Amino acid sequence: LEQMQMADCCFEVRDIPGRGRGLVASRDLQAGEEVLVDTPLLLTAAPEALGAVCSTCLRRLGSEPDRCQACSSTNHQVAFCSRSCAEAGAAQAHVHGPWLCRCPIA
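In this text the structure is predicted, and so the values were computed from the model without any measurement.

Cut-off values and rules
- Residues numbered from 1 in each chain as written.
- Predicted model: local features only at pLDDT ≥ 70, side-chain atom pairs only at ≥ 80, totals over all residues.
- Heavy atoms only, no water.
- Helix = DSSP H or I, 4+ residues; strand = E, 2+ residues; numbered from the N terminus.
- Buried < 20%, exposed > 50% of the residue type's maximum accessible area, 1.4 Å probe, protein only.
- Core = buried A, V, L, I, M, F, W, Y, C linked by side-chain atoms within 4.5 Å.
- Contact = heavy atoms within 4.5 Å.

Novice: In this structure, what is going on with the environment of L50? I would like to understand it.
Specialist: Within the secondary structure, L50 is located in the loop between strand 4 (36-37) and strand 5 (66-67). Residues L50 and V78, 28 residues apart in the sequence, show an inter-C-alpha distance of 6.5 Å.

Have a look at this one:
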């Protein structure tokens, strides 16, 4: 929890009998109020969509996608709809960081 950005700290961690630890509101919340912002561990398309959608924005790829050369050499299907999406993906470890780039996908 220390790494997450908490919006106005409107919750607290509590032990919930029979359920373990959980987040519980510490004040009344408004509908649509942002209470927690976090970065995903991993962002990827479903295996059947790899190579058909952009690995950053998940839009359908055009006729000439920008493919990751490191991934292409290991038979991965990681591709991007544009150079800007490729750069954005490389800058975000959960999208296409160095460890994910070389990780075999079953």
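Novice: Would you mind going over unusual backbone geometry with me for this structure?
Specialist: Peptide bonds are mostly trans, and most non-glycine residues show a negative phi. A positive phi angle, close to 65 degrees, is found at L58, a residue other than glycine. If you trace the backbone, L58 turns up in the loop between strand 4 and strand 5. Judged by relative accessible area, L58 falls into the partly exposed class, the value being 37%.

Novice: I would appreciate a short explanation of the nonpolar core in the present structure.
Specialist: A general feature of soluble globular proteins is that nonpolar side chains tend to end up buried together. Core analysis: the largest hydrophobic core is formed by ten residues, namely C54, L61, C68, C71, V78, A79, F80, C85, A86 and C101. Within the residue set of this core, elements represented by two or more residues are strand 6 (79-80) and helix 2 (83-90). The contact partners of C85, leaving out residues within four places of it in the chain, are C54, T56, C57 and F80.

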